[in-house]
Amino acid sequence: MAFYMGQKTDPKLLDRMERAVLTHMLRCEPDAALASQLACAGLIRREFYGPHQISYFTVLPGALPAQRNTTVGGYTYAKLVGHRSPAAFTLHLDESGWMSHLIAFMDDDSPWPEEITGFEVFSTKASVPPPASSDEDLSTGG
């Protein structure tokens, strides 16, 4: 099954990749207010600027406001089938704490694809392992 982005999607609905990216962001940084917004988010429009796509949202009544004027997910990427460079994503909240827009951009500044046939969302957020004890250093010859 193909996944389509951009002009080939319904302009009023979040597409599969937008929803997958937003869900991934919430898994990495759980936030009940943002989860309530995502559950009832609608799409106002998408704009395309070379390597960038910006998706603007509306949130239906019943959701909770989140932290104001913040950005979420600077570590969220998607590997796109047929593209060497991944796409990166950031979610922006407005001054009242509502989902405002999702910025997606190609990491290598190549043009945003007109069609996306598949994707895999991933995170670059990594934990640093604790330093090795002196006993471990000796046992490994270090």
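Numbering of residues starts from 1 in each chain and follows the order in which that chain's sequence is written. Where local features are concerned, this predicted model is filtered to residues with pLDDT of at least 70; where side-chain atom pairs are given and counted, the filter is 80 or more; whole-chain, interface and lining totals use all residues. Only hydrogens and water are removed before side-chain values are computed, so all heavy atoms of the structure are retained for them.

Trainee: Which parts of the structure should I look at to understand unusual backbone geometry?
Mentor: Most peptide bonds are trans, and most residues other than glycine sit at a negative phi. Its identity is not glycine, yet N69 carries a phi of approximately 45 degrees, on the positive side. Numbering of helices and strands starts at the N terminus; helices are DSSP runs of H or I of at least 4 residues and strands are runs of E of at least 2. Mapped onto the elements of the fold, N69 is located in the loop between β2 (52-59) and β3 (71-80). Look at D109: it is not a glycine, yet its phi comes out positive at around 65 degrees. Counting through the fold element by element, D109 comes out in the loop between β5 (99-106) and β6 (119-123). Judged by relative accessible area, which is 56%, D109 ranks as exposed. Throughout this description, buried means an accessible area under 20% of the type-specific maximum (1.4 Å probe, protein chains only), exposed means over 50%, and partly exposed covers the range between.

Trainee: Explanation requested: helix α2 (residues 32-39) in the structure shown.
Mentor: For an α-helix, 3.6 residues make a turn, and residues three or four places apart therefore share a direction. For α2, the full list of buried residues reads A33, L34, Q37 and L38. One side of α2 carries all its buried residues, which in axial view fall inside an arc of 135 degrees. The outward face of α2, more than 90 degrees from its buried face, is lined by the exposed residues A32 and A39. Where α2 is buried, its residues contact α1 (16-28), β1 (41-49), β2, β3, β4 (87-93) and β5. Where α2 begins, one side-chain oxygen reaches toward the backbone nitrogen of A33, 2.9 Å away; that side chain belongs to D31. Think of it as the arc spanned by the lines of direction from the helix axis to the C-beta atoms. Whether two residues are in contact is decided by their heavy atoms: any pair within 4.5 Å suffices. Residues adjacent in sequence count toward polar contacts only when both atoms are side-chain atoms; beyond that, a polar contact is any pair of N or O atoms within 3.5 Å, and within protein one must be able to donate a hydrogen and the other to accept it.

Trainee: How should I be thinking about the pattern of salt bridges in this particular structure?
Mentor: Any two side chains of opposite charge can pair, on the condition that their charged atoms come close. When a carboxyl oxygen of Asp or Glu is within 4 Å of a side-chain nitrogen of Lys or Arg, the pair counts as a salt bridge. Counted by the stated rule, this structure contains 3 salt bridges. Note that R46 and E18 form a salt bridge whose closest N and O atoms lie 2.8 Å from each other. Placement of the pair is R46 in strand β1 and E18 in helix α1, with a sequence separation of 28 residues. Each member of the pair, R46 as well as E18, is classed as buried. For E47, the salt bridge goes to R45, with nearest N and O atoms at 2.7 Å. Judged by its relative accessible area of 38%, R45 falls in the partly exposed class.

Trainee: Would you mind showing me how to read α1 here?
Mentor: Between the first and last C-alpha of α1 there are 18 Å, a value that for 13 residues agrees with the 18 Å anticipated at 1.5 Å per step. The opening residue of α1 is D15, an N-cap whose side-chain oxygen sits 3.2 Å from the backbone nitrogen of M17. A helix is expected to span 1.5 Å for every residue after the first.

Trainee: I'm lost on the packing of aromatic side chains in this one. Help?
Mentor: The way to describe two aromatic rings as a pair is by their centre distance and the angle between their planes. For Phe, Tyr and Trp, rings pair up if their centres lie within 6.5 Å, where Trp contributes its six-membered ring, and each pair is then called stacked (planes under 30 degrees apart), edge-to-face (over 60) or tilted (otherwise). Counted under the stated rule, the structure contains 1 aromatic pair. When the NZ atom of lysine or the CZ atom of arginine is within 6 Å of a ring's centre and also within 35 degrees of its normal, the charge is said to sit over that ring. The residue whose ring lies beneath R45 is Y56, and the NZ or CZ to ring-centre distance is 4.0 Å.

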